[in-house]
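Notes for the structure review
Chain by chain, the residues:
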Amino acid sequence: MRDFELLVDRLDASNSTNAKLRALESFFQSASPSTAVWTVALLTGNRPKRLVSTTMLREWLCEKQAMPTWLMEECYAFVGDLAETLALLTPNPEVENHMPLATLMEEYLQLMKSEHLQEKKDWVFSQWDSMGQTQRWIFNKILTGGFRLGVSQKLVVKSMAKVFDLPEETITHRLLGKWSPTETFWQDLIAQSLEMSPSHPYPFLLANSWEGKEVKNCFVEWKWDGIRCMAIKRENEVYLWSRGEDVITHQFPELTQLFMDMPNGTVLDGEILPLQHGEIADFSCLQKRLGRKNVSAKMVEENPTIFRAYDMLEWNGEDVRQQPLWKRKELLSNCGWTEVSPFWEVESMEELENFRSNAEAHRAEGLMIKHKDSEYGMGRPKGSWWKYKLDPKSIDAVLLYAQAGHGQRANLFTDYTLAVWDEDRLVPFAKAYSGLTKEEILEVDRFVKANTLERFGPVRTVKPELVFEVGFEGISESKRHKSGVAVRFPRILRFRKDKSAKEANTIQDLRALIR
Amino acid sequence: MPLLEVRPEGIYCPAADVYLDPYRAVGKAIISHAHSDHARWGMNHYIAPLSSVNLIKARLGKNISIVGYPYGESFHIQGVHFSFHPAGHIPGSAQIRVEYKGEIWVYTGDFKWEVDGVSEPFYPVPCHTLITECTFGFPVFQWRKQEHWFQKMGEWWQNNQIENKNTVVLAYSLGKAQRILKNIPPCGNIYVHPAVAEMTEITQDLGIHFPEWKKLDAKDKPERSLIILPPSGQSDGLLKRLGDVEIGMASGWMGVRGKRSWSAVDRGFPISDHADWKGIIDLVDATQAQTIYATHGNPDVLVRYLTEKGKDARAWGALFEREEG
């Protein structure tokens, strides 16, 4: 595990993207195929399922170190990361043992099949006993299932592309789809040419935020608030992929059925939208479908969906992504196999703003602006696609509860519950984690520590004094929430030091924002 | 009446009418060491370990009224016997032993067991009642030997030299800075911040020898060098002058990754001048104290742990609020 340990240590030690890139490159230059493929799997989130629950790991640690549970929990609250806490609480061995990463993971996979908890426990203990501190931390990270090292998949791809002299796009493409952390898979990943399986999606093209002053040679279309989806029909099978690179074919049987009729060798990029009474409905209707393994006929009937296509990526088995957008739109409109999301040519900012002001009425969350000549590239290329969202809705709310964060924010109160007035009572309606500067976080942290009224475990009730402007993307009625409303993507826009708690908004103000 | 008690001004000895490390201006103060959260302004009279007198004067002014006593030597105030014993925390740091009518209390001030090459080595002082610091009062803190980290620090400096970079280490100007200067394997020029230089000169007068070092002047252009700055030196505009740098921080808090990334340095070295968890527990055992007061840090965890072990342990509030490591 020495190569991997060195890599993770270097990735973790630096805040610089360039240094991380160099660390990855030098790793790939010398790593064995079996270590490399597991490393890519772990860094890109393609890791195996959990061997044991984290609750079990905590119990085992306490048992092994003869430590009271409360003491371990105090340590966890202080450190903010379970894998690290467990690594810090186990002693260093006299001699460190370095098992190759692939061997470790193969043993892991073997044990996944075991039904004997004791066997898993013995294995975990023997690893803890033989590993140095960094190794234990990495091992615990694998066990607890979270690897956040500030390394994006993009960075991994970039370094691999450089070392193995392949286009980034090729590697990104090969990383999509079905994974197996084997040497064969690794050889396919870095091979100079390769045939793809029929389910293989293309990488989604993403948009930049619109900051333009003028608009020229562009199409504009609605930015829908649904599930971005790539629909593939190849070799008489349909595959639906979400942006998160999950196969969602089985969650949308009615769409799968629809696409069965498309000719083989067709790939569409579009959006799945919920429909209620013939109108586009709230995103929450879609969520009911997503969480399920299999969707019943009743579910489909109660929460019907439609697909609106934005783009065509493959036609008659030919990859058409290099063709200009206007040409692809033409192919899409003429193919007749799907509903095309409407698009218009705009030539002036005035026109553009006009469209934007109508977005809400069309139940869109903003506009997409796409250059007519743009090819369907990879990632977030400059100068091809832009998103121009509606301004977030916002409300001034009072800080009611605070909770310490995790990781580097452990020990700092960074998770806030915010409330609005209902007569003389404060009703919580949103939790927000981000949006403040480091200095502001420290200031709020000091306030929380000095103004705690009550403690419930990790949560503190504070004096209702601080006011924040909270922004959110959408708002709808909700029976599950105390306030009767649910907001989407709440975040703090501003620390309103100029306002007193009394001046914050009311629940009536909040409800008025519901369409 | 207890021998020592907590007052808003600090730890107080009613029988002698004297405070230990008070944080408000009082008449007579016995000081454990020269760090600014222990040796504060405004006392009419200071009593301190002999080897810390010049350090305290450098910080609080030449004209303060101060008297120093060597380690182990008793002095009496209204029939109460006081003595200083090395705390191993920084040069000139002491535990304060208080004895009255056969009852012995020991206040550790800040302490550590490890012999660091610059501080007078610590030894435990048997007592009935122990007032211990617990800055690192969590079992997650288990220090490794300093040789391990100084070797790593040396390797890091060499690597930075290969990349043509300067190496900056952030460390408290008194104690940590000298410890680094004394222990890092030299492989180039060493510069120190003027605040560090002042403290280092006084430490040299105590008979401690250091590798060659230079005070960082405005006209200096260090290359591939080691530069020791106090943590506040980061924002000095000084960093700009140093060109391409790697920044490291030496502090016990660096033992936790979250704390390290929050500090936004390139490298963290968990080198601490405080006792780790085991160090505190070992001290409690070694002193054979029956009553333990925990202060400074996270007393609640330590108190609960000791109570469950059958000791009479209590928290003495957060006496000192600044986090240091």
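Right above here is the structure, for reference.
Presented here is an overview of the structure given in this document. (Residues numbered from 1 in each chain as written. Chains lettered and ligands numbered in written order. Predicted model: local features only at pLDDT ≥ 70, side-chain atom pairs only at ≥ 80, totals over all residues. Heavy atoms only, no water.)

Digging into the side chain of Lys120(A)
All names here are of chain A. Looking at the secondary structure, you find Lys-120 in helix 8 (residues 117-130). One buried charged residue, Lys-120, forms no salt bridge at all, with the nearest opposite charge on Glu-119 at 8.6 Å. Excluding residues that lie within four positions of it along the chain, Lys-120 makes contacts with Leu-51, Val-52, Trp-60, Leu-111, Met-112 and Ser-114. (Helix = DSSP H or I, 4+ residues; strand = E, 2+ residues; numbered from the N terminus. Buried < 20%, exposed > 50% of the residue type's maximum accessible area, 1.4 Å probe, protein only. Lys, Arg positive; Asp, Glu negative; His and termini not counted. Salt bridge = Lys/Arg side-chain N within 4 Å of Asp/Glu carboxyl O. Contact = heavy atoms within 4.5 Å.)

Let's talk about the pairing of strand 7 (residues 305-315) of chain A
All names here are of chain A. Here strand 7 lies mainly inside the structure; 11 of its 11 residues are buried. Pairing of strand 7 with strand 9 (residues 339-340) involves 2 bridges; the strand directions are parallel. Looking at strand 9, one finds that Ala-309 is bridged to Val-340. By the bridge criterion, 2 bridges tie strand 7 to strand 8 (residues 318-319) in an arrangement that is antiparallel. Looking at the pairing, Trp-315 lines up with Glu-318 of strand 8. Where strand 7 hands over to strand 8, the hairpin turn is made up of 2 residues, of which Asn-316 adopts a positive phi near 55°. (Pairing = 2+ DSSP bridges.)

What about the packing of aromatic side chains?
The tally for this structure, following the rule as stated, stands at 36 aromatic pairs over all chains. When the ring of Trp210(A) is compared with that of Tyr388(A), the centres are 6.4 Å apart and the planes differ by 45°; the resulting orientation is tilted. With a gap of 178 residues between them, Trp210(A) in the loop between strand 1 (208-209) and strand 2 (218-224) and Tyr388(A) in strand 12 (residues 385-389) connect regions that are remote in the sequence. Of the residues examined, Trp210(A) reaches a relative accessible area of 11% and is grouped as buried. Between Trp277(B) and Tyr305(B) the ring centres are 5.0 Å apart and the planes differ by 70°, which places this aromatic pair in the edge-to-face class. Taken together, the positions of Trp277(B) in helix 7 (residues 277-287) and Tyr305(B) in helix 8 (residues 299-308) put the pair 28 residues apart, joining distant regions of the chain. In terms of burial, Trp277(B) and Tyr305(B) fall into one category: buried. Directly above the ring of Phe125(A) sits Lys64(A), whose terminal nitrogen or CZ lies 5.5 Å from the centroid. We note Lys329(A) situated over the ring of Phe343(A); from NZ or CZ to the ring centre the distance is 4.4 Å. (Phe/Tyr/Trp six-rings, centres within 6.5 Å; stacked < 30°, edge-to-face > 60°. Lys NZ or Arg CZ within 6 Å of the ring centre and 35° of its normal.)

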